[in-house]
Amino acid sequence: MGKKVALITGINGQDGSYLSELLLEKGYEVHGTLKRNSVSENQTSRLDNVFDKLILHYADLTDLSSLIRVISEIKPDEIYNLAAQSHVRISFDQPIYTANVTGLGTLNILEAVKLVNYKIKIYQASSSEMFGNTIDSDGFQRETTQLNPVSPYGCAKVFSYNICRNYRNSYGMKIWNGILFNHESPRRGTNFVTNKVVKAAVRISLGLQDKLHIGNLSATRDWGHAKDYVYAMWLMLQSDKPDDYVCSTGVSHSVKDLCEYVFSSLGLDYLKYIVVDENHFRPEELENLKGDSTKLRKELSWEPEYTFESMLDEMINYWLEYYEKK
């Protein structure tokens, strides 16, 4: 047996970067797809630690021929589909693009695999946004909770989730859906609320910024660390039976809790610096998210290592170091 070969779409995103590191540690040959960007300099900054160990290819989820070319060329054992237009708020501004990439893009991968080698194992990044505001009577969302999305992003992810199940059942393909709740890290885009709050709080503590404009403070989320969640992705593809799994911490916090913890860690009172701004509200708001990952923990022995607090501490330290270097 030679090295296992993995292909990660969206390898230069937060999850792709952590997953590349994990797979390299496990002895994989790791390939990734990038879409062409007119400024290539910062495109792979999240991969700096492992850049020279990766094999990168230009391809795009909306271009079936590029996917067939890459998959035929590298003959992967495992494909992790992490590429998407993944910003919920922006999906309202670019609904058609989001549907094309996040929805039909997944179908293109399934078709490419079906044409090249239907035995390749596929991980599909599904999302807690698929549930919308449907919550089970005990306050949790799980594999059996009704899908009722409230954004173009959530709608596109529901299509992806269902088409994966359909191809698994119709063609015996090896496809796993990981229904991941929010997961963060210092590598999270700063237009996502956790890293936005942490970065702004650090800047305010250093006198570089006065205020933080933010949306709905009462929205709650189940926030975990991306590093824990990519380990769950890998665990799924090591199991024999393709299935769907919720990945979450089971604990939810509000955006207000987030602000309070981050600012007070820096010795600040968040109330003095926060401006609630209508522009940051979504057209249809998702209020409460909390996931039940019992199935993943029982069947695949997954346990997260980070807590909400230790994750935020790592993010705060990252930005403090970043500005110290500057």
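(A) Representation of the overall build of the protein chain. For the protein chain, the count of helices and strands is 10 helices and 13 strands. When burial is assessed residue by residue, the protein chain has 53% of its 326 residues classed as buried. In the protein chain, 79% of the contacts between residues at least 6 apart in sequence involve partners at least 24 apart. Accessible surface, the protein chain as shown: approximately 14,500 Å² in total, 49% of it carbon and sulfur. Across the protein chain, the centroid of the 36 positively charged side chains sits 4 Å from that of the 42 negatively charged ones.

(B) How the structure looks around the environment of leucine 82. As for its placement among the helices and strands, leucine 82 is situated in the loop between β4 (78–81) and α3 (88–93). Residues leucine 82 and glutamine 14 lie 68 residues apart in sequence; the distance between their C-alpha atoms is 9.5 Å. If we ignore the near neighbours within four places in the chain, the residues touching leucine 82 are Ile8, Thr9, Gly10, Asp15, Gly16, Leu19, Tyr123, Ala125 and Met233.

(C) Representation of the sheet that holds strand β6 (residues 175–180) within the structure. Spatially, 7 strands are ordered β3-β2-β1-β4-β5-β6-β11 in an open sheet, and the strand pairing comes out parallel. The strands lining the two open edges of the sheet, one partner per strand, are β3 (55–58) and β11 (244–247). Strand-to-strand twist across the sheet, computed as the mean angle between neighbouring axes with direction ignored, equals 20°. In terms of strand pairing, strand β2 (residues 29–34) meets β3 through 4 bridges, oriented parallel. Paired with glycine 32 across the strands is leucine 56, a residue of β3. Contacts from helix α7 (residues 226–238) reach β4, β5 (121–127), β6 and β11 within the one sheet, and its direction differs from that of β4 by about 140°.

(D) Structural detail: unusual backbone geometry. Positioned with a positive phi, lysine 75 is a non-glycine residue whose angle comes to about 50°. Along the chain, lysine 75 falls in the loop between α2 (64–74) and β4. For serine 301, which is not a glycine, the phi torsion comes out positive at approximately 55°. Positionally, serine 301 belongs in the loop between α9 (294–300) and α10 (308–325).

(E) Structural context of the packing of α2 against helix α4 (residues 95–116). Contact geometry of α2 with α4 gives a least axis separation of 9 Å together with a crossing angle of 45°. Classified by the angle their axes make, α2 and α4 are oblique. Where α2 crosses over α4, the two elements pack in a sense that is right-handed. Where α2 approaches α4, its residues Leu64, Leu67, Ile68, Ile71 and Ser72 are matched on the opposing element by Asn108, Ile109, Glu111, Ala112, Val113, Leu115 and Val116. The residue inventory of the contact of α2 with α4, partitioned by class, reads 9 nonpolar, 2 polar and 1 charged.

Scoring rules and cut-offs
Residues numbered from 1 in each chain as written. Predicted model: local features only at pLDDT ≥ 70, side-chain atom pairs only at ≥ 80, totals over all residues. Heavy atoms only, no water. Helix = DSSP H or I, 4+ residues; strand = E, 2+ residues; numbered from the N terminus. Buried < 20%, exposed > 50% of the residue type's maximum accessible area, 1.4 Å probe, protein only. Contact = heavy atoms within 4.5 Å. Areas by Shrake-Rupley, 256 points an atom, 1.4 Å probe, with all protein chains shown as cover. Lys, Arg positive; Asp, Glu negative; His and termini not counted. Charge placed at Lys NZ, Arg CZ, Asp CG, Glu CD. Pairing = 2+ DSSP bridges. Axes fitted to C-alpha atoms, helices over the stretch in contact; angles between N-to-C directions. Parallel < 35°, antiparallel > 145°, perpendicular 65-115°, else oblique. Left-handed = near helix turned anticlockwise from the far one by under 90°. Nonpolar A, V, L, I, M, F, W, Y, C, P; charged D, E, K, R; others polar.

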